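One letter stands for each residue in the lines below.
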Amino acid sequence: MQRELLEQIERGETVLEARGITKTFPGVLANDGIDFAIKAGEIHAILGENGAGKTTLMNILFGLYQPDEGQILIGGQPVQFRSPLDAIDLGIGMVHQNRKLVLAHTVIENIILGHPNAGTIMNLRRTGAEIEELCQRYGFSLDLKAKVWQLSEGEKQVVEILKALYRGAKVLILDEPTSALAPPETKKLLGSIEAMARDELAIVPFITHKLPIVLGISDRVTVLRNGRVTARLRTADVTEKSLAKEMVGREVIFRLERARVEAGAPVLRVENLNARSDKGFLALKDISFSVREGEIFGIAGISGNGQQELAEILAGLRKVEGGQVLFDESDITSSTALKRWHMGMGYIPSERVAVGSIGDFSLTENVAMNYYFDRDFCRRGLVDYGKLRRLTEELISEYDVAAPGHETKAKNLSGGNLQKLILARVLSRKPRLIIANLPTQGLDVGATEFVRNKLMEAKKEKAGILLISEDLDEVLSLSDRVAPIYEGEFMDIIPGDEVQRESVGAMMAGSRPEELQT
Amino acid sequence: MWEFLARSLEASTIFTFAGLGELIGQRSGILNVGIEGVMLFGATLGFMAAQSTESYAIGFLVAIAIGGLLGLLHGFFSITLGGDQVVSGMGIWILGFGLTTYIGMPFTGPLGLPRIPTILGVSPLFYIGVVLVVITWFVLSKTSLGLRIRSVGENPSVAEVSGVSIAKTRYLCVTVSGMLMGLAGAIYSLDYNPVWNYNFLMGWGFIALALVFFSMWNPIILLGGSLLFGTLWQLSLNPQLVLPGLLSRYIWRTVPFIITLGVLLLMSTKWFRTKWGAAKPEALGEPYEKG
Amino acid sequence: MTIGSYSVRLEKRTLLRSWEAALISILAIVLALVLFSLIFILAGINPLVAYQEIFSYAFANRFGLPLVINRFIFLLLCTSAFIIPYRAGLWNIGMTGQLYMGSLGAFGVLMALGGKESISAELNPFVLIPLMLVAAAIGGAVIGAIAGVLKGRFNINEIVVTMILNFIAYWLVAYMIKEGGAFMNPGGRGESFELPPSVYAPLLGDIPFTIFLALGLALLLYFVFAKTRLGYEIKAHGHSPAAARYSGISPLGISFLTFALGGAIAGLAGYHYFAAVPGVYKIARNYGYFGDLAFYGIICGLISQGNPLAAIPITLLFGGLSVGGRFVQGKLHMSFGVDYALLGVLMISLVAFQFFYRYRIIWTKIAKESPDVGVSG
């Protein structure tokens, strides 16, 4: 019934409008009177930091939340979404950052799940043909019979886009569409987005960084800060710097001053490391490198190229297929994780909630995770909780962790504060080798700055640091040596002074250094 | 010898029904470790009803009804209340074990009804079981309903944004699941061994649970597993057929259980593990919370 | 949802204070008692009369009280055996099999040292009783450890494994005490040989010394969880095996250790009932009944929420209820299995109350001036 609303909209007319959207959560005013409108055939980006209200607005537009005040209009008619189902029926499609796909099923099965026209007995051939047609139209290439877990990040995103399109979406909301993509895949995606816009679909990408993307394809930009719209701009009128300023409200420093420290002997040496991933294929192929005292060795790459496996091997959480790991020249290849903590290795895991902390434990008990075995805190089998409490309080204040007290449960901390606690816990042991796996992922600008500074401090105290990050700028600004990783191999190992941003980016996507010497 | 095989098939029928029930529930993401409890209720109430009314049909219907009811109960705890599914399942088992001991006591003894007529020497329920297995396989892999069920079991949040009602799908599965388990219990007490005694199921519900894991959630493999175990069980009751006089009959009774353990161990080998890990419904046992 | 002039809402808890947890457990028990009275009503008996009989027999009668204490010791040991793996996030429902193996261990040692020869054999209790205790603990620990290793090393579901081991152990005991088995009583009554009086467990009045064992273990467990490194490792693994592994805690180690310790304690429960309780002193013909009683350990463990000290009053209460229930069953001519029915009813009540551990009910009074806005549930 309401579908016809969308059928009649032509290029240039407003297809989706939000007026005065306000939404409050306990203690937080997430969206404050937001107005926003998008026309058919337009690409309109919404920009904002974490905590600016982007996610809330996105979820409201998609029907996951209901606004406390304000209206949503489609084709000029006010509508109400009781659930995402209503939004889908009205032609709003969403492509999520954390892929909402059933990994074990095939591409086709994911696309037709819950589709009203699926029929009682699935007609996979007809559906397949229809989807192929969509692929042709927008330049997607995909094996429809493949299981989704086998696809790359970019391909998974295409599946979600196809799913929305197959259900007749006329407005596509994209959540951080390029954050998990390598540069060549990004280019392809942007091409498809432009094709869809030419076909009179309206595209709304929601973006935190990757400002160049915004500049690349959008027609207009709306900036959110602290829950309000602070700027409505035409992309033609802005630059990367002016956009960043709008987002943050102040001049943003893109490059950190890299501290100059005399690097010493290698703390960590890895020789010819080979390892398998959980799915059985070879995740690391003959990796060799070393990390010296007082040095930050940065591994730059898109997640899924072997970094997680490498971090786990070094931390003692995964077995190797072949090769050696040497810590201060002694072979620890088969040493337990506990032994490595004793020897002076510290691991900051990428999954702070699932691995790095225990939600139901108090902050003191969380700090105990890296201290329960420490001879100073545990004598004759008895844990000195009093001493641990005092340590926790010191750490909370030194690292500025916002929490009522050491008895607070870790699950009540925000992401940034939890990461600070984990950092405090690991760094306070003064480890000689620090493995930092995606240490600033999901953190806002303030927390990110804090974490990077702490790593710099540790480096000045002669620790060796292995930094794994997806954020190219972060790796480049912090590292003394950079190794781009692709499909389990180090493409090259480049000293910090000689690094060129474009070539590192290309190597992360698979280009060999020889190919780049033009 | 034929008698032995026929009885093996009849024993396997019980594993098939109970296992199929659990498989359907598990594919939708609900784990029920209390299969034995549902079976005990179905067996006991079915027995009581059949004996009192002298009607097999009523006995089976009562068993199916009580099984469905227990399935709904488990569903209520697991889906609506979002509780720990293991606790709920164990609750149903102990409830079954405790209550049926008490209410069934006056009925201890033989059923006293003429046996259900056989087809080709085997109970008709065996054939029904095979048909149900095929139907289940077809529904799960070829229909939209099946896709919805599987998606709910793999990744409920995805299913939800695609327009599938998690609650409805899971309730449907868990109720059908309970009905099949109740029926399995009644098959035991009305057809396979029509004598009531307290706790007479002797662990079959737990073997059925192990079978579901072993089957990698594939109904056809489940059928194969049931046939194997039915035969094993008959063997343990009649060891003289294969190895006369070798061991005490008590030791023979442990054989099906030891083999179950062996099978579980086999499943943990690397080869099996990667296939099994891939087949396991991702969201099995986890309560779903919206948004 | 609106009730009267209040709006009622469910909210997920962020904090569960200990008095709140205790209150929920108490309410669960009360609900179970209410449900249990239905059993009496259906049998045509006034529940209040029934309960009065139960409690007076259990706690105020000179025959009933020792029975209750002995059962309390048994249940406390089984509950402690459940609690150790429970705190590690593991389900030990194998107390039945573990106590069977424990009793086989104890009687095995006894037989090896001449206890089967003659009932009047003069054996040194100071040597034999500790040996029997150790053997019982080892027997239970070994069968427990099988489940622990299969879970820790191969990630095989411990519920299935412990249940299967229960059945295997059941038949093993049958093999040993019936029809020509090694432990068979010379009189051939389908039970084991009898314990010579020289190695009867020392008594305090009518109560064997095992009461100190049970209470002592409960206190020790509490201490272990509160203060020791082992306790921390177990708790960490129980909350998050992945985070615990990251911290250097071995999943296999925890699984093995908790099941072995739990099994050992359950093994002691076997020693208690078959070698320490006056009037039994053998592996009884109806040993399966005691095995079934072990399942109370699960319920008591859940109600006490894994707190070994809380388990003490709870197991005492259920000891009283199950013994009193048995008595009342006979006295009021009810069907057999009243204590089984109690077991079942308790469990369901407990499961229902699990819900309240995670959610709170919020009552807000609706202001009279504004229209009756029912807050949607």
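Residues numbered from 1 in each chain as written. Chains lettered and ligands numbered in written order. Predicted model: local features only at pLDDT ≥ 70, side-chain atom pairs only at ≥ 80, totals over all residues.

### Section: the overall build of chain B
Regarding its fold elements, chain B presents 12 helices and 2 strands. Helices and strands in chain B line up, N terminus first, as α-α-α-α-β-α-α-α-α-β-α-α-α-α. Scaling as 2.2 N^0.38, a compact globule of 291 residues should have a C-alpha radius of gyration of about 19 Å, and chain B matches this with 19 Å. Expressed as lengths along the three principal axes of its C-alpha atoms, the size of chain B is roughly 60 × 45 × 35 Å. Scored against the burial criterion, the 291 residues of chain B give a buried share of 55%. (Helix = DSSP H or I, 4+ residues; strand = E, 2+ residues; numbered from the N terminus. Rg over C-alpha atoms; globule rule 2.2 N^0.38 Å. Buried ≥ 20, exposed ≤ 12 C-beta atoms within 10 Å, placed from the backbone.)

### Structural notes on the overall build of chain C
Along the backbone of chain C there are 14 helices and 5 strands. With respect to the three principal axes, the spread of C-alpha positions in chain C is 90 × 60 × 35 Å. Expressed as a percentage of the 377 residues in chain C, the buried residues total 56%. Across chain C, contacts joining residues at least 24 apart in sequence account for 77% of those joining residues at least 6 apart. (Contact = placed C-beta atoms within 7 Å.)

### Here we look at the interface of chain B and chain C
Contacts between chain B and chain C engage 38 residues on the former and 33 residues on the latter. Listing elements by their share of the side of chain B that touches chain C, those giving two or more residues are helix 4 (85–104), helix 9 (204–214) and helix 11 (249–266) of chain B. By residue number, the principal contributor to the side of chain B that touches chain C is helix 4 of chain B, which donates 12 residues. When the residues that make up the side of chain B that touches chain C are grouped by side-chain class, the tally is 26 nonpolar, 10 polar and 2 charged. (Nonpolar A, V, L, I, M, F, W, Y, C, P; charged D, E, K, R; others polar.)

### Comments concerning the domain arrangement of chain C
All names here are of chain C. Segmentation of chain C into domains returns domain 1 (1–45 + 334–377) and domain 2 (65–311). Contacts between domain 1 and domain 2 engage 8 residues on the former and 6 residues on the latter. Classifying every residue of the side of domain 1 that touches domain 2 by side-chain character gives 7 nonpolar, 1 polar and no charged. (Domains from an automatic or database assignment.)

### A few points about the nonpolar core
If you look at the biggest cluster of nonpolar residues, it comprises 370 residues, and the most contacted ones within it are Leu172(A), Ile173(A), Leu77(C), Cys78(C) and Val173(C). It is helix 6 (residues 158–177) of chain C that contributes the most residues to this core, 17 residues altogether. In this structure, Leu172(A) is in contact with Gly93(A), Val95(A), Ile161(A), Ala164(A), Met196(A), Leu201(A) and Ile203(A), ignoring residues within four places of it in sequence. (Core = buried A, V, L, I, M, F, W, Y, C linked by C-beta atoms within 7 Å.)

### As for the pairing of strand 11 (residues 266–276) of chain A
Residues and elements named next belong to chain A. Pairing geometry for strand 11 and strand 12 (residues 282–292), over 7 bridges, is antiparallel. Bridge pairing links Val270 to Phe289 in strand 12. Bridging between strand 11 and strand 14 (residues 322–327) involves 5 bridges; their strand directions are antiparallel. Residue Glu271 lies in a different strand from strand 14, and its bridge partner there is Gln324. (Pairing = 2+ DSSP bridges.)

### Topic: the sheet that holds strand 15 (residues 330–331) of chain A
The pairing of strands in a sheet comes from backbone hydrogen bonds and takes either a parallel or an antiparallel form. Residues and elements named next belong to chain A. The strand order across the open sheet formed by 4 strands is 12-11-14-15, and the pairing between neighbours is antiparallel. The sheet is open, and its two edges are formed by strand 12 and strand 15, each paired on a single side. Contacts from helix 10 (residues 307–315) reach strand 11, strand 12 and strand 14, with the element oriented near 60° to strand 12. (Axes fitted to C-alpha atoms, helices over the stretch in contact; angles between N-to-C directions.)

### Overview of the interface of chain A and chain B
Contact with chain A, which involves 18 residues of that partner, is made by 19 residues of chain B. It is helix 3 (residues 84–89) of chain A that provides the largest number of residues to the side of chain A that touches chain B, a total of 3 residues. When its residues are assigned to classes, the side of chain A that touches chain B shows 11 nonpolar, 5 polar and 2 charged.

### A few points about the sheet that holds strand 5 (residues 77–79) of chain A
Residues and elements named next belong to chain A. Across the sheet, 4 strands lie side by side as 2-1-4-5; this open sheet has antiparallel pairing. A single partner strand is all that each edge strand has here, and the edge strands are strand 2 (28–39) and strand 5. Averaged over all pairs of adjacent strands, the angle between strand axes in this sheet comes to 25°, irrespective of strand direction. Of the pairings in the sheet, the one linking strand 1 (residues 14–25) to strand 2 comprises 8 bridges and is antiparallel in character. In the strand pairing of strand 2, Thr24 is matched with Leu29. Those strands touched by helix 2 (residues 54–62) are strand 1, strand 2 and strand 4 (69–74), and its axis lies near 125° from that of strand 1.

### Here's the deal with the environment of Ile39(C)
Looking at the element boundaries, Ile39(C) is found in helix 1 (residues 18–42). For Ile39(C), a count of 24 C-beta atoms within 10 Å translates into the label buried.

### With respect to helix 15 (residues 445–460) of chain A
All names here are of chain A. Between the first and last C-alpha of helix 15 there are 23 Å, a value that for 16 residues agrees with the 22 Å anticipated at 1.5 Å per step. Here helix 15 has its buried residues at Ala447, Val451, Leu455, Ala458 and Lys459. Along the axis of helix 15, the buried residues cluster in a sector spanning 120°; they form a single face. Opposite the buried face of helix 15, by more than 90 degrees, sit the exposed residues Asn453, Glu457 and Lys460. For helix 15, the elements touching its buried residues are strand 13 (296–300), helix 14 (415–427), strand 19 (433–437), strand 20 (464–469) and helix 16 (472–478). The first or second residue beyond helix 15 is Lys462, which carries a positive phi of 70°. (Expected span 1.5 Å × (residues − 1). Arc of directions from axis to C-beta.)

### A closer look at the confidence of the model for chain C
Residue and element names in this part refer to chain C. When pLDDT is averaged along chain C, the result is 87, and 93% of the positions lie at 70 or above. Across residues 369–377, where pLDDT falls below 50, the model places 10 contacts with residues more than four positions away in sequence or in other chains. At the level of chain-chain contacts, confidence expressed as ipTM amounts to 0.86, with global pTM at 0.85. (pLDDT = per-residue confidence, 0-100.)

### Details of the environment of Gly288(C)
For Gly288(C), the position within the fold is in helix 11 (residues 287–293). Separated by 192 residues in the primary sequence, Gly288(C) and Thr96(C) have C-alpha atoms spaced 8.6 Å apart.

### Topic: the packing of helix 1 of chain C against helix 14 (residues 338–358) of chain C
Residues and elements named next belong to chain C. Relative to each other, helix 1 and helix 14 sit at 140°, their axes nearing to 8 Å. Put simply, helix 1 runs oblique to helix 14. Considering only the axes of helix 1 and helix 14, their crossing is right-handed. Contacts from Ala21, Ile24, Leu27, Ala28, Leu31, Ala32, Leu35, Phe36 and Ile39 of helix 1 reach helix 14 at Val338, Ala341, Leu342, Val345, Leu346, Ser349, Leu350, Phe353, Phe356 and Tyr357. When its residues are assigned to classes, the contact of helix 1 with helix 14 shows 18 nonpolar, 1 polar and no charged. (Parallel < 35°, antiparallel > 145°, perpendicular 65-115°, else oblique. Left-handed = near helix turned anticlockwise from the far one by under 90°.)

### Describing the pairing of strand 16 (residues 345–348) of chain A
All names here are of chain A. Residues of strand 16 alternate between two faces, with Met345 and Tyr347 on one and Gly346 and Ile348 on the opposite face, all of them buried. Relative to strand 19, strand 16 is paired through 4 bridges, and the arrangement is parallel. Paired with Gly346 across the two strands is Ile434, which belongs to strand 19.

### Things to note about the environment of Gly344(A)
Residues and elements named next belong to chain A. Take Gly344: it is sitting in the loop between helix 11 (337–343) and strand 16. Owing to 16 C-beta atoms within 10 Å, Gly344 belongs among the partly exposed residues under this scheme. Residues Gly344 and Gly91, 253 residues apart in the sequence, show an inter-C-alpha distance of 56 Å. If we skip the residues at most four places from it in the chain, Gly344 touches Pro431, Arg432 and Leu433.

### Describing the packing of helix 12 (residues 296–303) of chain C against helix 13 (residues 311–331) of chain C
Residue and element names in this part refer to chain C. At a minimum axis distance of 9 Å, the contact between helix 12 and helix 13 shows a crossing angle of 140°. By the angle between their directions, the pair helix 12 and helix 13 is classed as oblique. Helix 13 is crossed by helix 12, and the crossing has right-handed handedness. In contact with Tyr296, Cys300, Gly301 and Ile303 of helix 12, helix 13 contributes Ala311, Ile314, Thr315, Phe318 and Ser322. Across the contact of helix 12 with helix 13, the residue classes tally to 6 nonpolar, 3 polar and no charged.

### Here's the deal with the confidence of the model for chain B
Across chain B, pLDDT averages 88, with 95% of residues at or above 70. Within chain B, the element-level pLDDT minimum falls on helix 12 (residues 270–279) of chain B, averaging 69, and the maximum on helix 8 (residues 166–192) of chain B, averaging 95.

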